[in-house]
Amino acid sequence: MGYKHIEVKQVAGFIGAEISKVDLSRPLNDDEVKEIRKALLKWKVVFFRGQNIDHAAQVEFTSRFGEVTFAHPLGEPEPVPGFPQLKPVDRRLYEKQYGFRTGGPWHTDVTAAINPPAASILRAVNVPSFGGDTQWSNLVAAYEGLSAPLRALADTLKAEHRFNGSGYQPRNSKFAERIAVNPPSSKGSS
């Protein structure tokens, strides 16, 4: 499973790899994109260190992997002006809006959408000297690690993905009103 156009270094047992020998500030060729996709499918989370890209370059890079979606279906906080695909994640915004310093509890990005994005891209602009404890999990490895009876049970389950955001906004806010009018929800097999 070698790579000719990029370098991929595993960083953990079941998830994560660091990709180097690629410059995201310039347009990528089809072979580089193919190999990055291959690494992403295998490792679920990939890291590109030392990249210096702006909003436009991030959207361009993202577009090489499929349709780039709106930052968040409910637009909270508002997307970056001129780049509706980008949602700012800044602890100061969360602290001002919610009164605490967190991006929220454990979650999976936008699964309540009927057609959820295949992946999320997080670009660190200002990296704190401590904190910023974003973590990921490999649900494929978790499923494959289940005992046969638990896996059989999981195979019979159905899921409803619903977004209500009620824990983060006052009930009379515009955000809560938008959710009440059109609550994002999708159903399917687990």
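Everything that follows concerns the structure shown earlier in this document.
Residues numbered from 1 in each chain as written. Predicted model: local features only at pLDDT ≥ 70, side-chain atom pairs only at ≥ 80, totals over all residues. Heavy atoms only, no water.

Draft legend 1. Expanded view of the overall build of the chain. Across its full length, the chain holds six helices and five strands. The helix and strand sequence of the chain, counted from the amino end, reads β-β-α-β-α-α-α-α-β-α-β. Burial statistics for the chain: of 190 residues in total, 23% are counted as buried. By sequence separation, contacts in the chain at least 24 residues apart represent 60% of the contacts at least 6 residues apart. When the accessible surface of the chain is split by element, carbon and sulfur atoms take 54% of a total near 13,600 Å². (Helix = DSSP H or I, 4+ residues; strand = E, 2+ residues; numbered from the N terminus. Buried < 20%, exposed > 50% of the residue type's maximum accessible area, 1.4 Å probe, protein only. Contact = heavy atoms within 4.5 Å. Areas by Shrake-Rupley, 256 points an atom, 1.4 Å probe, with all protein chains shown as cover.)

Draft legend 2. View of the packing of aromatic side chains. Scanning the entire structure with this criterion turns up three aromatic pairs. Where Phe-47 meets Trp-136, the ring centres are 5.6 Å apart and the plane angle is 75°; that geometry is what we call edge-to-face. Of this pair, Phe-47 sits in strand S3 (residues 46-47) while Trp-136 sits in the loop between helix H3 (91-98) and helix H4 (139-144), and the two are 89 residues apart along the sequence. Classification of Phe-47 by relative accessible area gives partly exposed; the value is 23%. Ring-pair connections join several aromatic residues into one group, and the members of that group are Phe-48, Phe-61 and Phe-65. It is Lys-38 that lies over the ring of Tyr-3; its NZ or CZ is 4.9 Å from the centre. (Phe/Tyr/Trp six-rings, centres within 6.5 Å; stacked < 30°, edge-to-face > 60°. Lys NZ or Arg CZ within 6 Å of the ring centre and 35° of its normal.)

Draft legend 3. Local environment of the pairing of strand S2 (residues 17-20). Burial of S2 is one-sided: the residues Ala-17 and Ile-19 facing one way are buried, the residues Glu-18 and Ser-20 facing the other way are not. Relative to S2, strand S1 (residues 7-10) runs antiparallel, the two sharing four bridges. Each bridged residue has a counterpart across the sheet, and for Lys-9 the counterpart in S2 is Glu-18. Hairpin connection of S1 to S2: six residues between the antiparallel strands, including Gly-16 at a positive phi of 95°. (Pairing = 2+ DSSP bridges.)

Draft legend 4. Representation of unusual backbone geometry within the structure. Not every positive phi belongs to a glycine, and Lys-21 is a case in point at roughly 65°. Relative to the helices and strands, Lys-21 is located in the loop between S2 and helix H1 (30-43). The exposure class assigned to Lys-21 is exposed, which follows from its relative accessible area of 62%. One non-glycine residue, Lys-44, adopts positive backbone phi at about 70°.

Draft legend 5. Up close: the nonpolar core. One finds Ile-6, Ile-19, Val-22, Leu-24, Leu-28, Val-33, Ile-36, Ala-39, Val-46, Ile-53, Ala-57 and Phe-61 forming the largest nonpolar core, which totals 12 residues. Counting only elements with at least two residues in this core, the list comes to H1 and helix H2 (55-63). Ignoring any residue separated from it by four or fewer positions in sequence, one finds Ala-39 in contact with Tyr-3, Val-8, Ile-19, Lys-44 and Val-46. (Core = buried A, V, L, I, M, F, W, Y, C linked by side-chain atoms within 4.5 Å.)

Draft legend 6. Region of interest: the side chain of Thr-62. Here Thr-62 is to be found in helix H2. Judged by relative accessible area, which is 18%, Thr-62 ranks as buried. Here Thr-62 is in contact with Val-68 and Ile-121, once residues within four sequence places are set aside.

Draft legend 7. The arrangement of the pattern of salt bridges in detail. With the rule as written, the count across this model stands at four salt bridges. The residue Glu-32 makes a salt bridge to Arg-26 at a minimum N-O spacing of 2.7 Å. Accessibility expressed as a relative area gives 5% for Glu-32, which makes it buried. The exposure class of Arg-26 is partly exposed, given its relative accessible area of 36%. As a salt-bridge pair, Arg-64 and Asp-30 come within 2.5 Å of each other at their nearest N and O atoms. You can see Arg-64 sitting in the loop between H2 and H3 and its partner Asp-30 sitting in helix H1, a full 34 residues away along the chain. (Salt bridge = Lys/Arg side-chain N within 4 Å of Asp/Glu carboxyl O.)

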